[in-house]
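Close look at the chain arrangement
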Amino acid sequence: MKITKLLTVLFAVVLLFNMSSCTSDSAEFEVSPITYQNGYFISNEGNFNSQGAKVTFVTRDLSLKQDDVYGYNNSKEILGDVLQTIGLDGNKAYLVINNSNKIVVVDRYTFKKLAVISDQLDNPRGITFANGFIYVANTNFIAHTQSVTKYKASDYSFVSKINMTEVSDKTVEAGGNVFVQNASSGFGNKITYINTSNDAKTEITIPNGQIGNTVSYKSNVYTISSTVADSYIYKISSTGAITPVVTLTGIPNATNLQIDNDKIYFSSANKVYTTSLATPTVPTAPLLTAADGGPYFTLYGFNVIDGRIFASDVKQFTAESEMVIYSATTGNKMSSLKTGGLGANGTFLNP
């Protein structure tokens, strides 16, 4: 199988598949197989109704990548329509395919298909795992229905449906409980706390602005909200208690909250900022300035992992996405690569 170097220095690793390069000095060579361990998965959403969902794999040293790992390992099978997110649990990866109303379960180290979950799904958007169960947030914007569907992780069988009153999107776990972001595309100011001991739900209203993103970090949940003037970060405990973290005075419309190595990262327009989690302050200048993709497309995919910022330029869904990788410490560009698909919306570590 042909492999192409992404960087001029190649670590001594061997891979199962064709790899490609974004550098001009690439070279192809034959290698032997290993698994998809110790790297990153990039989710490519694809255009709506195009069946263009794809997953790209990049080695952790950023030297090699492979496009469409699902198709390669499953007899060129088409993954589906709109890859919303990827959930990782145990030795499995769960590919949430929104417009296909399914979750494709694969072995996270070989990417061979294991199962498909479809029962009771209705435009799934978020996924998380707690106490041996899978929780999936669904929102049908046309029918104006939303729910959280619950499945056994052991056999993927449907358990129950939790009806929701608001848009249900990003879904995270903290302290064994589940938190559902009731906001999408910067509209909405609630988070639903689900106590997984009995699946009782409690709505938490975020005091200021509209929610931009919600993450789990060290058994707590953090969310960022904003107005056209200021932005706010809040901490929610694993039992649902809310505490202000910092008011970002003068930074409008903040979103893309991420936490890595006890540092907070977020964006406002195409500027990325950082501050300490332990002693947060209002940043006086951005860490970096990314490509301006216009409304709804700027920093469409944004993750901070391993001290690296993964920021996608989706080219307004008219061309293959570019993932630019920056140092989370200095903001300097480390690398960039084509993602092999349209609408790169997330990067996920597969250690």
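The structure under discussion appears in the preceding block.
To keep things clear, this report deals only with the structure shown in the data block. Remember, predicted model here, so these are calculated numbers, not experimental data. (Residues numbered from 1 in each chain as written. Predicted model: local features only at pLDDT ≥ 70, side-chain atom pairs only at ≥ 80, totals over all residues. Heavy atoms only, no water.)

Topic: the overall build of the protein
This is how it is decided: Helix and strand assignments come from DSSP, with helices taken as H or I runs of at least 4 residues and strands as E runs of at least 2, each series counted from the N terminus. C-alpha atoms define the radius of gyration, and 2.2 Å times the number of residues to the power 0.38 defines the globule rule. By the convention used here, residues are in contact when the closest approach between their heavy atoms is within 4.5 Å. Here the open area of atoms and residues is found with the Shrake-Rupley method and a 1.4 Å probe, where only the protein chains shown may cover a residue. Positive charges come from Lys and Arg, negative ones from Asp and Glu, while His and the chain ends are left out of the count. By convention, charge coordinates are those of NZ in Lys, CZ in Arg, CG in Asp, or CD in Glu.
Looking only at helices and strands, the protein has one helix and 30 strands in total. For the protein, the C-alpha radius of gyration of 20 Å lies close to 20 Å, the compact-globule estimate for 351 residues. The contacts in the protein between residues at least 6 apart in sequence include a share of 43% that link residues at least 24 apart. Carbon and sulfur atoms make up 50% of the accessible area of the protein, which totals about 14,300 Å². In the protein, which carries 26 positive and 27 negative side-chain charges, the distance between the mean positions of the two groups comes to 2 Å.

Remarks on the sheet that holds strand 28 (residues 322–327)
Here is the rule we go by: Two strands qualify as a pair provided that DSSP identifies no fewer than 2 bridges between them. Axis angles are defined between N-to-C directions and span 0 to 180 degrees, where every axis is a line fitted to C-alpha atoms and, for a helix, only to the segment in contact.
Here we have four strands laid out as an open sheet, ordered 26-27-28-29, and antiparallel in their pairing. Taken across any chain shown, the strands that pair with only one partner, and hence form the sheet edges, are strand 26 (302–305) and strand 29 (333–338). Direction aside, neighbouring strands of the sheet carry axes that sit 20° apart on average. When strand 28 meets strand 29, the two strands line up antiparallel, connected through five bridges. Bridge pairing in strand 29 places E322 opposite K338.

Notes on the side chain of N220
Cut-off, in case you're wondering: Between buried and exposed lies partly exposed: a residue is buried under 20% and exposed over 50% of the maximum accessible area for its type, with that area taken using a 1.4 Å probe on protein chains only.
Turning to its location among the elements, N220 is positioned in strand 19 (residues 220–226). Residue N220 is classed as buried on the basis of its relative accessible area of 18%. In contact with N220, not counting residues within four places along its chain, are A174, V215, K235, I236, S237 and S238.

Some points on the sheet that holds strand 12 (residues 145–152)
Spatially, the four strands line up as an open sheet ordered 10-11-12-13, and their pairing is antiparallel. Taken across any chain shown, the strands that pair with only one partner, and hence form the sheet edges, are strand 10 (124–130) and strand 13 (158–163). Taken over all neighbouring pairs, the strand axes of this sheet differ in orientation by 20° on average, direction set aside. Direction of pairing for strand 12 relative to strand 13: antiparallel, over a ladder of five bridges. Note on strand 13: the bridge partner recorded for V148 is I162.

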